[in-house]
Amino acid sequence: MIDYHALAPAAVLGLTVVAALVVDLVVRRKVWVAVVSLVGLFGAFVPLLTLAFCEPLLGCASTTRELFGGSYVVDGYALVLGAVFLATAFVAVLLSVDYIESDRYYEGEYFFLLLAAALGGVVMASARDFVTLIVALELVSGPGFLLAGWRKADERSNEAALKFFISGVLALALLVFGVSLVYGLTGTQLFAELAAVDPDVAELPLFSLGLLFVLVGFGFKVSAVPFHFWTPDTYQGAPTPVTAWLAVGSKTAGFVGLLSVVFLAFPQLRHVWGPMVWVVAAASMIVGNVVAIKQDHIVRLLGYSSIAHAGFILAPIAAMAGAPAEALPLAFYAAVAYLLVYAVMNLGAFGVAVAGIAKVGSGKLSSWRGLFRHSPSLAVMMAIFFFSLAGIPPLAGWFAKLAMFQAAVGADNPWGLSIAVVAVLNSVVAIYYYAKPVVAAFFEEAPAELQLAEAGAASSPAMRLALGLAVVGVLVLGVVPGVVAVLGRYTTSLLTLGG
Amino acid sequence: MEWFDNGWGLVLTVFLPLAGAIVLLAIPRTKEDALKGVALVTSLATFAAGVALLGRFDFSRAGELQLGMDVPWIDAIGARFHIGVDGISLPLVVLSTFITLLVVLYSWDHWPEPHNPKLLLALVLILAVGMTGTFVALDLVLFFVFFEVVLLPMYFMIGIWGDRGIREVPVFGWKLEMRLYASLKFFVFTLFGSAFMLLGFLALYFRSGTILPERTFDIVRLSELGAAGAFTGTFAFWVFFALFLGFAVKVPMWPLHTWLPDAHTAAPTVGSVILAAILLKLGTYAFVRISIPILPQEAANWAWLIGLLAVIGIIYGSLACLAQTDMKRLIAYSSVGHMGFVMLGIATLTSIGINAAIIGMVAHGLITGLLFFLAGSMAHRYHTRDMGRLGGNMKLMPVMGVLLGFAAMASLGLPALAGFWGEFMALMASFDPLDGLDPGLFRGFMIAGAVGTVLTAGYMLWMLREVNFGEPADEWLGKEFHDVGTFEWLAWAPLVIATIALGVYPKLVFGMTNDAVVRLVEQAFGG
């Protein structure tokens, strides 16, 4: 007997994917496809809520539901992250509406692919075995490859798609190879069973090798150093609304998979993956931040910023290297809390990039000079998002940083403390480049030859709604971060971590 | 008035400016009278709330935290919205609301270029939230948030309205506008310190969980633990060091002070005033409120170093002043020296020293605030701050000249003016520091500090000679100079009056602080 209630969020989204295709065939004004997408994404929230409040509302026995022999699980973690994917896709659609109308792009298919990727994310959050996880990951990635190349006539976009595709496929190959090793040695690919695997098997070098390949595969997905090289080019070349989805949705999907693997499948092997993650986290922070300093294109800058943030999100995981099992929930909580805040503020930052590029005609920071003079509200929003990314209170980013430091320091071991110090130094360096666009927008005069676009995508209703949501999110979560903390705790409360 | 005593009075004092700032954002930029009116009403109301706090504060129990509120904020991590004032924080809260009001008054007809009253006033009001908030916060996370809230407004203030002169960046050799350089430097230095401070807070939080049933960020409870000797050894050392970095950058203590002369010099007048009058006090206040009570052992262990850095700051600041040609930069360096006296007072760990520190903070806020106002107004008229070109100000603008003379006298610590008490008592406390500290060393500090007061007198008098006396240079002859205007009077007269009042009757501050300081010292060091 299949639990349709548990499948409902994915099912609603799946139907929306189909509906988007059908609507695209019958309507002339493609904006209706976007409307259908938005309605579908919104509709998928409903079963998420009924599942979350199942116990008080419908009298269910438990919020946690296991399907297909434990391969697909709906619990607090799946619900919260599922909501993140839906919300991210929602905002990404809003950001895309005008962009996609502004030139001769395929419109219907665009939203279809975006929805399919969101569906992948929702499934990813529930995946509790490797096969489901790989399917979900590909459902996220495949549309991403296509969307990155959506500007057919633009060489940069072609390059973006190709780089993304090749590195993505390589990542998948490594991941699958790693999984095959693990499966070969243990005979199972279910996380719950892997967590209880015989310690003797787990200590085999070949097993560690399998784990390493799996981690490397995710390293590409979350664009952590040294697997990040595709990121800046793909981010810059892809249509900017797509970049917003890649930097938030696709990256979060990678992190969700990574968290599931290390915390649910291999919690007892933290002395193996912990040091690996430590190196990758430290390298991501340092390389991401240092290279970002030199960037003068807003999307590229955000690209390197997202590499640095990957390092920050990995920091609590790295801190687990020498930590007792009791420390696992805190690290898991910290990573999830960071992802939630990261999604809100990064969507906002990319939204500003989309609107700003539409307004001033270029992503070069030199043409963003004087933004405050001619578009004050856009400039203020940019300052809010960029300083939130930098982690300045009272903007939401500070709480993400606090959660990260909390987990790293709370792990109470040299790995944790050292990664915390690396993170501290990096958050200081980061100020420099987050301030750069702000300096251009607020402190400098507009270049003489600047041609401003009339209204258009920069101030359309969809764009206003997207940016408005993100601004409210960043301010509210910054002042009442308890919301993030509660959601973060909720994800860990129903998991058996450190089992 | 029960609601007022139950914490809502403090909430009002802290968050009224925020409400004002939000209203400002809703008013179109061109309606300047409305903007100014809203800002004035807000800052007046905030100051009134601050005065009302004085009225409701029970001075017979000045050692205890009062008028507070303690409600859950971020439940999941045990951070609470815990606020309150005692005799130590109350004068600083009132000072913040006072200075904010004067800054708004002064701004009435002094707008730096580019002209944008809306943004400037909104930033002033947001700054006020962070400043008063820091002084009333009794939870480490809340403290951190308020401590950081001041960063962005000040950053924008310096960056937008700052000095447009070109400056070469040391080491890198880039040429940058002063405002861009100074704003970023201010930001990076402060953030560097406060990031380590946050790590220190977290370490305390986790350690508290091994002693108490629940982990806590609460400053009061952590102070109790600290007094009971809960934090010792290398753990305490590293935490103290991390907190020290955060606070010392803000004060600023030598050698972490280098952002200050740049920020002060580059900032527009109101920015300099707020920076000098209030922002620097966040650091010294944090030493008194957090470092000493929570980590008394480490405070005692490292008092010699803090005292030494303080004295170096005094001497270095004074000598640096003598080398300046820019009037604003001179006043900025004088702040390094004055904050050195405040830190010296704190380093003695005695009730006299800490009392001295607090009256020193208030006095420095009033006097240096006035000095920066004057420097700003003079630069506005002369279009230069170069003391080589200024001169004969007494002949051109006699009233302004008298005020400058007054402020300089107050700054060099003339008895019967506010500046005297902080310096004098800090030196007195160094003669007899806390038991266990090396009296010989601290007496050495006392002598060095005394030399510092002489140097201070030296550079202040030198500045007066350069700016006020002598004959006006040829370039100023035949030009009309408006002497002090109405709104300048409105902003400055209260400062003058307060400076005299505190000088003649320091009990205005000691009456509040003494009980609280004695209690703090007793709790931390057992009397």
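Residues numbered from 1 in each chain as written. Chains lettered and ligands numbered in written order. Predicted model: local features only at pLDDT ≥ 70, side-chain atom pairs only at ≥ 80, totals over all residues. Heavy atoms only, no water.

(A) Molecular detail of the overall build of chain A. Each helix and strand in chain A was counted, giving 21 helices and two strands. Overall size of chain A, expressed as C-alpha extent along the three principal axes, is 70 × 55 × 45 Å. Taking all 499 residues of chain A together, the buried fraction comes to 65%. Long-range pairs, those at least 24 residues apart, make up 80% of the contacts in chain A with a sequence separation of at least 6. Looking at chain A as shown, the accessible area adds up to about 16500 Å², and 69% of this sits on carbon and sulfur atoms. Of the charged side chains in chain A, 23 are positive and 27 negative, and the gap between their average positions amounts to 10 Å. (Helix = DSSP H or I, 4+ residues; strand = E, 2+ residues; numbered from the N terminus. Buried < 20%, exposed > 50% of the residue type's maximum accessible area, 1.4 Å probe, protein only. Contact = heavy atoms within 4.5 Å. Areas by Shrake-Rupley, 256 points an atom, 1.4 Å probe, with all protein chains shown as cover. Lys, Arg positive; Asp, Glu negative; His and termini not counted. Charge placed at Lys NZ, Arg CZ, Asp CG, Glu CD.)

(B) Representation of helix 18 (residues 439–467) of chain B within the structure. Residues and elements named next belong to chain B. Here helix 18 is 29 residues long and its end C-alpha atoms lie 41 Å apart, about the 42 Å a rise of 1.5 Å per residue gives. For helix 18, every residue scored as buried is listed here: Phe-442, Phe-445, Gly-449, Gly-452, Thr-453, Thr-456, Ala-457, Tyr-459, Met-460, Met-463, Leu-464 and Val-467. Structurally, helix 18 contributes buried residues whose contacts are with helix 12 (296–322), helix 13 (327–347), helix 14 (351–382), helix 15 (393–396), helix 16 (398–411) and helix 17 (418–431). At the N-terminal end of helix 18, a side-chain oxygen is found 3.0 Å from the backbone nitrogen of Gly-440, two or three residues along, and the residue is Asp-438. (Expected span 1.5 Å × (residues − 1). Polar contact = N/O pair within 3.5 Å; in protein donor to acceptor, adjacent residues only side chain to side chain.)

(C) Representation of helix 5 (residues 108–126) of chain A in the model. Taking 1.5 Å of rise per residue, 19 residues should cover 27 Å, and helix 5 of chain A covers 28 Å from first to last C-alpha, within 8% of that figure. Where burial is concerned, most of helix 5 of chain A is hidden: 17 out of the 19 residues are buried.

(D) Region of the structure containing a nonpolar patch on the surface. Residues and elements named next belong to chain A. A cluster of nonpolar side chains, contributed by Val-472, Val-476, Val-479, Val-480, Val-483 and Leu-487, occupies part of the molecular surface with about 450 Å² of accessible area. Take the nonpolar patch: its biggest share by element is three residues, from helix 20 (residues 461–479). By the secondary structure assignment, Leu-487 is in helix 21 (residues 482–493). Taking relative accessible area as the criterion, Leu-487 reaches 34% and is therefore assigned partly exposed. (Patch = residues over 30% accessible without salt bridge, like charges linked within 9 Å, V, L, I, M, F, W, Y side chains within 5 Å. Salt bridge = Lys/Arg side-chain N within 4 Å of Asp/Glu carboxyl O.)

(E) Spatial organisation of unusual backbone geometry. A cis amide bond links Pro393(A) to the next residue, Pro394(A), at an omega of 5 degrees. Among the secondary structure elements, Pro394(A) is positioned in the loop between helix 17 (376–390) and helix 18 (397–410). Despite not being glycine, Ser223(A) has its phi angle at roughly 45 degrees, a positive value. As for its placement among the helices and strands, Ser223(A) is situated in the loop between helix 10 (205–221) and helix 11 (230–237). Non-glycine residue His383(B) carries a positive phi angle of around 60 degrees. Locating His383(B) in the fold gives a position in the loop between helix 14 and helix 15. On the basis of relative accessibility, which here comes to 67%, the residue His383(B) falls in the exposed class.

(F) Quick look at the side chain of Lys118(B). Residues and elements named next belong to chain B. Structurally, Lys-118 is set in helix 4 (residues 117–136). Buried within the structure, Lys-118 lacks any salt-bridge partner; its nearest side chain of opposite charge belongs to Glu-32, at an N-O separation of 12 Å. If sequence neighbours within four positions are ignored, Lys-118 has contacts with Leu-24, Leu-25, Ile-27, Arg-29 and Leu-35.

(G) The arrangement of the pairing of strand 2 (residues 79–85) of chain B in detail. Residue and element names in this part refer to chain B. Extensive coverage of strand 2 is indicated by the burial of six of its seven residues. Judged from the six bridges that link them, strand 1 (residues 66–74) and strand 2 form a sheet pairing that is antiparallel. Bridge pairing in strand 2 places Asp-70 opposite His-82. Count of turn residues in the strand 1/strand 2 antiparallel hairpin: four residues, of which Gly-78 carries a positive phi of about 75 degrees. (Pairing = 2+ DSSP bridges.)

(H) Quick peek at the packing of helix 19 (residues 414–443) of chain A against helix 6 (residues 151–161) of chain B. Where helix 19 of chain A contacts helix 6 of chain B, the two axes come as close as 10 Å, and the packing angle between them is 50 degrees. As judged from the angle between their axes, helix 19 of chain A and helix 6 of chain B are oblique. Crossing handedness for the pair helix 19 of chain A and helix 6 of chain B: right-handed. Packed against helix 19 of chain A, whose contacting residues are Ala435(A), Val438(A), Val439(A), Phe442(A) and Phe443(A), the element helix 6 of chain B presents Tyr155(B), Phe156(B), Gly159(B) and Ile160(B) at the interface. Residue composition of the contact of helix 19 of chain A with helix 6 of chain B, grouped by class: eight nonpolar, one polar and no charged. (Axes fitted to C-alpha atoms, helices over the stretch in contact; angles between N-to-C directions. Parallel < 35°, antiparallel > 145°, perpendicular 65-115°, else oblique. Left-handed = near helix turned anticlockwise from the far one by under 90°. Nonpolar A, V, L, I, M, F, W, Y, C, P; charged D, E, K, R; others polar.)

(I) Focus on the packing of helix 11 (residues 269–294) of chain B against helix 12 of chain B. Residues and elements named next belong to chain B. Viewed as axis vectors pointing N to C, helix 11 and helix 12 meet at an angle of 115 degrees, and their least axial separation amounts to 6 Å. Taking contact as the criterion, the partners of Phe-287, Ser-291, Ile-292, Pro-293 and Ile-294 in helix 11 are, on helix 12, Pro-296, Ala-299 and Ile-306. Of the residues contributing to the contact of helix 11 with helix 12, the split by class is seven nonpolar, one polar and no charged.

(J) Up close: the side chain of Arg300(A). Residue and element names in this part refer to chain A. Within the secondary structure, Arg-300 sits in helix 14 (residues 298–318). Looking at Arg-300, its side chain comes within polar contact range of the side chain of Asp-233, at 3.1 Å. For Arg-300, the side chain forms a polar contact with the side chain of Gln-295, separated by 3.4 Å. Leave out the neighbours within four places in its chain, and Arg-300 touches Pro-232, Asp-233, Gln-236 and Gln-295.

(K) Looking closely at the nonpolar core. In this structure, Phe266(A) and Phe156(B) are the most contacted members of the largest nonpolar core, which totals 427 residues. Of all the elements, helix 15 (residues 328–360) of chain A adds the most residues to this core, at 24 residues. Leaving out residues up to four positions away in the same chain, Phe156(B) has contacts with Ala383(A), Phe387(A), Val438(A), Phe442(A), Phe443(A), Leu123(B) and Trp161(B). (Core = buried A, V, L, I, M, F, W, Y, C linked by side-chain atoms within 4.5 Å.)

(L) Main features of the environment of Leu140(B). Residues and elements named next belong to chain B. Note that Leu-140 resides in helix 5 (residues 140–149). Under the relative-accessibility criterion, Leu-140 is labelled buried at 0%. With 76 residues separating them along the chain, Leu-140 and Thr-216 place their C-alpha atoms 9.0 Å apart. Those residues in contact with Leu-140 that lie beyond four places of it in its chain are Phe-201, Leu-204, Phe-217, Ile-219, Leu-222 and Ile-290.

(M) Focus on the packing of aromatic side chains. All told, the structure shown has 67 aromatic pairs over all chains when counted by the stated rule. When the centroid spacing of 5.2 Å and the interplanar angle of 85 degrees are considered together, the rings of Phe145(A) and Phe165(A) count as edge-to-face. Within this pair, whereas Phe145(A) is found in helix 6 (residues 130–148), its partner Phe165(A) is found in helix 7 (residues 155–186), the two being separated by 20 residues in sequence. Within the aromatic cluster, the residues linked to one another by ring pairs are Phe372(A), Phe387(A), Phe442(A), Phe443(A), Tyr155(B), Phe156(B) and Phe187(B). The ring of Phe312(A) carries Lys401(A) above its face, with NZ or CZ at 4.6 Å from the centroid. Taking NZ or CZ as reference, Arg489(A) lies 4.3 Å from the ring centre of Tyr333(A), over its face. (Phe/Tyr/Trp six-rings, centres within 6.5 Å; stacked < 30°, edge-to-face > 60°. Lys NZ or Arg CZ within 6 Å of the ring centre and 35° of its normal.)

(N) Structural context of the interface of chain B and chain A. Contacts between the two partners involve 35 residues from chain B and, on the opposite side, 37 residues from chain A. Both faces considered, chain B and chain A share a buried interface measuring about 3100 Å² in area, 82% of it formed by carbon and sulfur atoms. In terms of surface lost to chain A, no three residues of chain B exceed Phe156(B), Leu199(B) and Phe206(B), which account for 15% of the buried area on that side. Connecting chain B to chain A are zero salt bridges. Broken down by secondary-structure element, the contributors of at least two residues to the side of chain B that touches chain A are strand 1, helix 5, helix 6 and helix 7 (178–209) of chain B. The class makeup of the residues in the side of chain B that touches chain A is 29 nonpolar, three polar and three charged. (Buried area = accessible area lost by both parts, 1.4 Å probe.)

(O) View of the pattern of salt bridges. Evaluated as defined, the whole model comprises 24 salt bridges over all chains. A salt bridge links Asp24(A) to Lys30(A), with the nearest nitrogen and oxygen atoms 3.1 Å apart. Classification of Lys30(A) as partly exposed rests on a relative accessible area of 24%. For Glu488(B), the salt bridge is made with Arg381(B), and the minimal N-O distance between the two is 2.8 Å. In this pair, Glu488(B) sits in helix 19 (residues 486–504) while Arg381(B) sits in helix 14, placing the two residues 107 residues apart along the sequence. The exposure class of Glu488(B) is buried, given its relative accessible area of 2%. Given the relative accessible area of 16%, Arg381(B) is considered buried. In the salt-bridge network here, residues are joined through shared partners; they are Glu159(A), Lys163(A), Asp233(A) and Arg300(A).

Purely geometric stuff here, so don't read any function into it on its own.
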